[in-house]
Amino acid sequence: MKLSGLIIKGIGGFYYVEADDGKIYECRARGKFRREKITPYAGDRVFIDTDAIIDSEIENSAAIDEICERRNHLVRPPIANLDNLFVISSLKDPSPDLLLIDKNIAAATINDIEPILVITKTDLIDNEDYLKTIKEIYDKANIKCITVSNVTNKGIDEVRNLLRGKISAFTGNSGVGKSSLLNAIFPDFKLKTGETSKKLGRGRHTTREVELHKIDGGYVADTPGFSAFDIVRNGMNDKEQLIYGFSDFMPYFGKCQFTSCTHTGEKGCAVKEAMENGEISEQRYRSYAEMYNEIKGIKSWQMN
Ligand code: GDP
Ligand code: ZN
């Protein structure tokens, strides 16, 4: 029987596919994918053949026949068709790292993933102005910014609503409250992940594996070992392309005096002018310049 489905986990050459019949199939990919150097990823929509016997010992086994065209894919963590990237940062302990936030937002934007900034620990607020400043930076850039507290549950519903029907991942430094946030959104998340893992058997998590957890009509990627997106490996190794990670710069793109403008301080730069006029926030402009210089310094042998 041919079925369509979604890869929810890949490990050691086996892929767990949640098929349209509601069952989970343990799959092998057909040899043609290896020949074509295509690696199936969690998040891939696929067609499977349940009549292909890949292992007579396994109850629901199938072969992956076809991988549907991807909307996007990331290499680290390896995942396809991500809709949302929740960029998590705490207001305090640790305090926000705006450059890291902007890197994660740019990595998402370049890969056609919606970045959503979540500021946690707002119950620890002792400086209203600082939170306001951060909100202003991202409001101006048209990036969703949600302020939450995992202690009082403020803002939790707002995050939950954005997860529905989507494939989402969470990123942010250790200690910013990612696990607390997931537990606040899904109080029985731990239980559920325990169940899925049992069902999916095979192997334990390493940093190379991603597992999608079906929750509340959407999927949340469990990406162990990743606190920040790898900027070199997620389509940001080309300084000329970096500007596409800054959607707030787009209206000024192509309007600079010099066509070779790098927007890092040149005369007649339309992006710089927009920053000076207050149309682009200074922080975003600074992050861009810092990232540009960082990418410029990356040698080709440091890539892939
Ligand atoms: P992770 O490393 O990103 O998963 O962070 P954790 O969820 O483990 O949280 C790190 C610490 O911050 C823990 O001690 C949490 O109890 C605490 N924490 C997380 N979210 C909040 C919050 O919204 N408010 C406060 N006051 N503490 C929080
Ligand atoms: Zn420019």
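Residues numbered from 1 in each chain as written. Chains lettered and ligands numbered in written order. Predicted model: local features only at pLDDT ≥ 70, side-chain atom pairs only at ≥ 80, totals over all residues. Heavy atoms only, no water.

1. Describing the overall build of the protein
Counting its secondary structure elements, the protein contains eight helices and 13 strands. Looking at the protein as a whole, 50% of its 304 residues are labelled buried. Long-range pairs, those at least 24 residues apart, make up 67% of the contacts in the protein with a sequence separation of at least 6. Working note: accessible area of the protein is about 14,900 Å², and carbon and sulfur atoms make up 47% of it. (Helix = DSSP H or I, 4+ residues; strand = E, 2+ residues; numbered from the N terminus. Buried < 20%, exposed > 50% of the residue type's maximum accessible area, 1.4 Å probe, protein only. Contact = heavy atoms within 4.5 Å. Areas by Shrake-Rupley, 256 points an atom, 1.4 Å probe, with all protein chains shown as cover.)

2. Looking at the packing of helix 4 (residues 156-163) against helix 5 (residues 178-185)
In contact at an axis separation of 9 Å, helix 4 and helix 5 are set at 85° when each is read in the N-to-C sense. On the basis of the axis angle, helix 4 is roughly perpendicular to helix 5. Facing helix 4, whose interface residues are Ile 156, Val 159, Arg 160 and Leu 163, helix 5 presents Leu 181, Ala 184 and Ile 185. Here the residues of the contact of helix 4 with helix 5 sort into six nonpolar, no polar and one charged. (Axes fitted to C-alpha atoms, helices over the stretch in contact; angles between N-to-C directions. Parallel < 35°, antiparallel > 145°, perpendicular 65-115°, else oblique. Nonpolar A, V, L, I, M, F, W, Y, C, P; charged D, E, K, R; others polar.)

3. Observations regarding the site of ligand 1
Every one of the 14 residues lining ligand 1 counts as a neighbour, but Asp 123, Asn 150, Gly 175, Ser 179 and Ser 180 are closest to it. With respect to ligand 1, the side chain of Lys 121 contributes an N or O atom lying 3.0 Å from an oxygen atom. Here a nitrogen atom of ligand 1 and a side-chain polar atom of Asp 123 are 2.8 Å apart. Compared with its free state, where it exposes 580 Å², ligand 1 has 67% of that area covered by protein. (Near = heavy atom within 4 Å. Polar contact = N/O pair within 3.5 Å; in protein donor to acceptor, adjacent residues only side chain to side chain.)

4. Quick notes on the environment of Phe 33
Relative to the assigned elements, Phe 33 resides in helix 1 (residues 31-35). You can call Phe 33 buried: its relative accessible area is 5%. Other than its neighbours up to four places away in sequence, Phe 33 contacts Ile 38, Ile 64, Asp 65, Glu 66 and Ile 67.

5. A look at the pattern of salt bridges
What the rule picks out here adds up to 19 salt bridges. Between Glu 294 and Lys 103 there is a salt bridge, with its nearest N and O atoms 3.0 Å apart. You can see Glu 294 sitting in helix 8 (residues 282-296) and its partner Lys 103 sitting in helix 2 (residues 98-110), a full 191 residues away along the chain. The partner of Arg 160 in a salt bridge is Asp 157, with the nearest N and O atoms 2.7 Å apart. Linking Arg 160 with Asp 157, this pair stays in helix 4, spanning three residues, or about one helical turn. Judged by its relative accessible area of 22%, Arg 160 falls in the partly exposed class. A relative accessible area of 48% places Asp 157 in the partly exposed class. Each of Lys 2, Arg 30, Asp 49 and Asp 65 takes part in one network of salt bridges that share partners. (Salt bridge = Lys/Arg side-chain N within 4 Å of Asp/Glu carboxyl O.)

6. Brief notes about the pairing of strand 2 (residues 14-19)
Across the six residues that make up strand 2, a large majority, six, are buried. Burial along strand 2 is two-sided: Phe 14, Tyr 16 and Glu 18 and Tyr 15, Val 17 and Ala 19, pointing in opposite directions, are all buried. Inspection of the sheet shows strand 1 (residues 2-11) paired to strand 2 by six bridges, in the antiparallel sense. Following the sheet pairing, Gly 5 is matched in strand 2 by Ala 19. (Pairing = 2+ DSSP bridges.)

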